[in-house]
Each structure stands twice: as C-alpha cells, then as structure tokens.
Amino acid sequence: MIVTSPATAPNRAAADFRVVLTVVSIGVLLSSLDLFIVNVALPDMSADLGGARISGLSWVLNAYAIVFAALLVPAGRLGDRRSIRTTFLLGLVVFVAGSALCATAWDVGSLVFFRILQAVGGALLTPASLGLVLAASPPQRRAAAVRLWVAFGGLGAALGPVLGGLLVEFGWRWVFLVNVPFGLVAVVVGVRMLPDPEGDGGRMPDLFGAALFAGAIAGLVFGLVKGEDWGWASAGVLSAFAVAAVLAVAFVVSSARHHSPVVDPALLRAPNFAWMTGNAVFFNVAFGAMLLSAVLWAQTVWGWSAMRTGLAVAPGPLMVPVIAVLAGRLIGRIGAGPVIAAGGIVFGAGMLWWARAITLTPDYVGGMLGGMVVSGIGVGLTLPTAFAAGTSGLPPQRFATGSAVLSMARQIGLAVGVAVLVAVLGSPTGPEATLDAFRRGWYVTAAVAVLAGVLGVAARMPKPAAAQPEPVSEPAAA
C-alpha cells in the first residue's frame, strides 16, 4: 500500500493541472491556428477554386465564426449539465473530422459546409477546455489560469501565419490536414488522463434560440458583405438586414421565455461580465478586420507569397503571450480596467500607423512591421485581461457557460469585422483607389478598437482568495 503524505498532495494536484493544461491547450491551439492559417491561405483557395471573389470566399471565415458563436453557449451549458470532459473530447473528434473533410473540398460551397462542421467541433471543445482548466485550478490561481489559457490562443496565433505560409507552399489543403495528427493525439491522451468534474444536471439549453441567433448574425453579415455589390438600398440587402432584425427580436423573445436561454440573465449580473462581453465584441471586430486587411494587402497589393505574408504577420501575435504575462503584473498596480483601455488605444495606434506609413511600394520595416508589433501589444493587454475579468466573478457551476458567452462575443466580433472590412474596401479600381480603401478600413478599425477600450474601463478584478478555504463542493481535478 502506498501512503500519500500531505506534502505530496500539492505535487499531485500540480501534476494533474499540468496534464489538463497540456491536453486542452492542444484544442485551443488548433482552433487558434485554424483562424490564422485559413486567413493566410485565402488567396490560394481563391485561385484553386475557380477564382472566387473575396466577398464570397469570406464565408470560409464567416460561416465558421457564426456557427461557432451560435453553438458556444449551448455547448458550454451541455458541458456544465453533463460532463465537460465528454463535451471536450467529442468536440475534438468532430473538429478533427471537419478538418479532414475541408481538405477534400471541391468548391467554395463544399468548403463552407465542412467549415461549419469544424465550427460545431470547435464550439464543443472551447468552453469545455476552459471549464477543465478552471475546475483543476484552486480559486486563488483561476485568474492566472485564464490568462494562461488565453495566452495559448495567442501562441497559436503567433504560429499560425508562419505555419500557414509554409503549408500553403505544398497546397492550401494542408492547412486543414495539419490539425488531424495533433487532434488525434490529444483525444487519445485525454481519454486516459482528463478529470471528469460532476455536472449540475440542469435542463437542456435553448437550441432553437441558438438557431435564431445564428440566422440573425448571418443576415447581418450577408447584408454587409453584399452591400457594395448589390447596392446598400437594394431589395436584397435591405431584406437581409430586415431578416436579421426579425430573427434578433425572436431570439430575445425566445431567451426571455426559455428555462435555459442562450444568455442567462444571471450571468449578466456577475461582476464585469456584461462590460467584458461588449468589449469582446468590439475588440474582435477590430481584430478580425486587422488580420484580414494585412493578409489581403500583402498578397494582393504587394504581391507577396503566402510564406512571406505569414512571416510578416507573425511579429504581432508573437507579442501576445509576452505582453499577457506583463499585463498580469500591471493589473495588480493599476487595475484591470486601465489595462484593457490601454490595450484598445494601443491597438488603434497600430492601425493608425498603417494608415499613415503603408504605401504602394513594398516596405515592411518602415510600413507594416511597426503597426503589427503595436497592435500585437494591444491584443496582449486586452484579450487575456478582459477574459480573466469577465470570468472572475462566475460561480463554479457556470464556468463553461460563462466562458462560452465571452467566446461567443469574440466570434461575433470576428465575423462582423470581416464583413465590415469587405464592405469598407468595396471594389476599388486602380492602385491609388485601393490604397485609399485600405486606409479607410484602418481608420474604421482604429475607431472600433478605441471604443472597445472605453468599454473595458469598468473592469474590476476581485481581491485574491488565497486566504479563503476552498468550498467542499468545488469541482477539482481527481
């Protein structure tokens, strides 16, 4: 019989936490890599799939983001209700299957359809991944654990452009195939090693409300994307906006009447949560527009290869995990609100840098690099801090659901950001008109980022709970 001394208990808990963090970080990395890799591969996809226009090809990004956003909260609620371990593993399996199918796509329509399947898997695994990390963390370490979880996404963002550029050299289908081996390894290890905190056994989430929500966002994005082509006052565009408005109202009504709505009103009453949800939407509108604009400018205007574009984009995401660590220290000195506000302002400054410095003549050091690094600093200040502030006041049984709402807000922002950029760019003719269109896009992006920072001012981090005993009912890694 092996006797475990009290001194070895913390070591075992630390080992369990490391196992959980390692496995779930693979899922987070894959979903983050997928976003950045696909952006870099868009021009090659267009060339291979019949020369699709960016307004049509943008649905490769937006269909994923919309479905991901709509299902995040129901998926998080399912994890809280039954088993976040099972939900995470199921999501990982579906994500891997969707990735493999994306590599077989024969046209834009089939690729969009398989991306939707990928999004279902991503929606299942993402809130469950944070739920597993939070459940394995003692109360006094949860804010740090959340920042670390978000930083892994930043690491995926840093690796994504370079890896995407490298893989596109062998063909754009490899940007999806790369997910398969890593995902399968995570599934095998997760089945054997992940803990299984007990769910609360609550009611089923509002799946009809989730469908209404997805339809509303899709209608909004469709109207924005088609506005330039069809005319902003055309029947098609106005109908799209009208459908979005009707479905949005129906979603609100469904949420008010359902016993388990997509957005639980109790979550909105948690400290910081409503403010951080708004910050997540607006900041990711700016982030999504920034990322796509950088890829399109480098590849379609400067004529760079996917590999060179990936290397050019990488310095910004590389700043995120480094700045995320520094942001944790700043929070203790000046508070979470000022850190988030500074992040929005700094990100906006990066976009203004591009608007003033980038010209038609390729100049990476004098033009793109500075804005990329500055915007990366803004992301590192904002995303980890806002996510930690938003989840810090959640009750343990709502970790997965609460994180899902915040992730949902991020995905809404990304989809709308891509659509807004496509709308602002329009279809310019000639180099000077193209430069003017991109400058307008960067000015709009800067303004939205600053607005996100203003919303973040209200964030307040709770005092550390190190001195408080852990509740007996707290789910812990076993």
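For clarity, every value in this text was computed on a predicted model and none was experimentally measured.

A. Quick look at the overall build of the chain. Scanning the chain from N- to C-terminus turns up 18 helices and zero strands. The proportion of buried residues among the 478 residues of the chain is 56%. Counted over contacts in the chain with a minimum sequence separation of 6, partners at least 24 positions apart contribute 84%. Accessible surface, the chain as shown: approximately 18,900 Å² in total, 69% of it carbon and sulfur.

B. How the structure looks around the environment of phenylalanine 283. Relative to the helices and strands, phenylalanine 283 resides in helix α12 (residues 273-301). What makes phenylalanine 283 buried here is its relative accessible area of 0%. Phenylalanine 283 sits 169 residues away from alanine 452 along the chain, and the two C-alpha atoms are 5.1 Å apart. Apart from the residues lying within four places of it in its own chain, the contact partners of phenylalanine 283 are Gly343, Gly344, Phe347, Gly378, Val379, Thr382, Leu383 and Ala452.

C. Looking closely at the layout of surface pockets. A volume near 420 Å³ is recorded for the second largest pocket. Along its surface, the second largest pocket is lined by 21 residues, and Ile54, Leu296, Thr300, Leu425 and Gly426 are the ones closest to its centre. Every element with two or more residues in the lining of the second largest pocket is listed here: α1 (8-48), α2 (54-57), α9 (207-230), α12, α17 (399-425) and α18 (431-456). Across the lining of the second largest pocket, the residue classes tally to 12 nonpolar, six polar and three charged.

D. Spatial organisation of the side chain of serine 234. For serine 234, the location among the structural elements is in the loop between α9 and α10 (235-257). At 3.3 Å, the side chain of serine 234 forms a polar contact with the backbone oxygen of tryptophan 230. Separated by 2.7 Å, the side chain of serine 234 and the backbone oxygen of glycine 231 make a polar contact.

E. Quick peek at the pattern of salt bridges. As enumerated under the stated definition, the model contains one salt bridge in all. In this structure, the salt-bridge partner of arginine 173 is aspartate 48, at a minimum N-O distance of 3.6 Å. Taken together, the residues span a long stretch of sequence, with arginine 173 in the loop between α6 (142-168) and α7 (174-177) and aspartate 48 in helix α1 at a distance of 125 residues.

F. Spatial organisation of the packing of α12 against helix α13 (residues 306-313). In contact at an axis separation of 10 Å, α12 and α13 are set at 140 degrees when each is read in the N-to-C sense. Considering the angle they form, α12 stands oblique to α13. Crossing handedness for the pair α12 and α13: right-handed. Here α12 contributes Leu291, Ala294, Val295, Ala298 and Gln299 to the contact with α13, which in turn contributes Ala306, Thr309 and Val313.

G. A look at the confidence of the model for the chain. Here the chain shows a mean pLDDT of 83. Residues at 70 or above account for 89%. Within the model, pLDDT remains below 50 along residues 1-9, and this stretch shows one contact once partners closer than five positions in the same chain are excluded.

H. Here's a closer look at helix α14 (residues 315-334). Taking 1.5 Å of rise per residue, 20 residues should cover 28 Å, and α14 covers 27 Å from first to last C-alpha, within 8% of that figure. Approximately 30 degrees is the largest bend angle found in α14, and it occurs at valine 322. Residues of α14 that are buried include every one of Pro315, Gly316, Pro317, Val320, Ile323, Ala324, Ala327 and Ile331, and no others. Phi turns positive, to about 95 degrees, at glycine 335, one or two residues after α14.

I. Expanded view of the side chain of serine 99. Of note, serine 99 is situated in helix α4 (residues 84-102). Overall, serine 99 belongs to the buried group, its relative accessible area being 0%. Separated by 3.1 Å, the side chains of serine 99 and asparagine 179 make a polar contact. Not counting the four nearest positions on each side in its chain, serine 99 is found in contact with Gln118, Phe176 and Asn179.

J. Inspection of the packing of aromatic side chains at higher detail. If you walk through the whole model with that rule in mind, you get 15 aromatic pairs. Summarising the aromatic geometry, the rings of tryptophan 172 and phenylalanine 176 are spaced 6.2 Å apart at their centres and angled 90 degrees between planes, so their arrangement reads as edge-to-face. Given the relative accessible area of 4%, tryptophan 172 is considered buried. Members of the aromatic cluster, connected to one another through ring pairs, are Trp297, Trp302, Trp304, Trp354, Tyr364, Phe438 and Trp442. Directly above the ring of tryptophan 304 sits arginine 308, whose terminal nitrogen or CZ lies 4.2 Å from the centroid.

K. A nonpolar patch on the surface, seen in detail. Taken together, Phe282, Ile345, Val450, Leu451 and Val454 make up a surface patch of nonpolar side chains, about 410 Å² in accessible area. Ranked by residue count, the leading element in the nonpolar patch is α18, at three residues. Judged by its relative accessible area of 52%, valine 454 falls in the exposed class.

L. Representation of the environment of glycine 231. By the element assignment, glycine 231 lies in the loop between α9 and α10. By relative accessible area, which is 24% here, glycine 231 ends up partly exposed. Residues contacting glycine 231, with those up to four places away along its chain left out, are Lys226 and Val237.

Criteria and cut-off values
- Residues numbered from 1 in each chain as written.
- Predicted model: local features only at pLDDT ≥ 70, side-chain atom pairs only at ≥ 80, totals over all residues.
- Heavy atoms only, no water.
- Helix = DSSP H or I, 4+ residues; strand = E, 2+ residues; numbered from the N terminus.
- Buried < 20%, exposed > 50% of the residue type's maximum accessible area, 1.4 Å probe, protein only.
- Contact = heavy atoms within 4.5 Å.
- Areas by Shrake-Rupley, 256 points an atom, 1.4 Å probe, with all protein chains shown as cover.
- 1 Å grid on protein atoms, 1.4 Å probe; cavity = no way out; pocket = protein on both sides within 12 Å on 5 of 7 lines; lining within 4 Å.
- Points joined across faces, edges and corners; volume = space filled by probe spheres on them.
- Nonpolar A, V, L, I, M, F, W, Y, C, P; charged D, E, K, R; others polar.
- Polar contact = N/O pair within 3.5 Å; in protein donor to acceptor, adjacent residues only side chain to side chain.
- Salt bridge = Lys/Arg side-chain N within 4 Å of Asp/Glu carboxyl O.
- Axes fitted to C-alpha atoms, helices over the stretch in contact; angles between N-to-C directions.
- Parallel < 35°, antiparallel > 145°, perpendicular 65-115°, else oblique.
- Left-handed = near helix turned anticlockwise from the far one by under 90°.
- pLDDT = per-residue confidence, 0-100.
- Expected span 1.5 Å × (residues − 1).
- Bend = angle between axes of the 7 residues up to and from the residue.
- Phe/Tyr/Trp six-rings, centres within 6.5 Å; stacked < 30°, edge-to-face > 60°.
- Lys NZ or Arg CZ within 6 Å of the ring centre and 35° of its normal.
- Patch = residues over 30% accessible without salt bridge, like charges linked within 9 Å, V, L, I, M, F, W, Y side chains within 5 Å.

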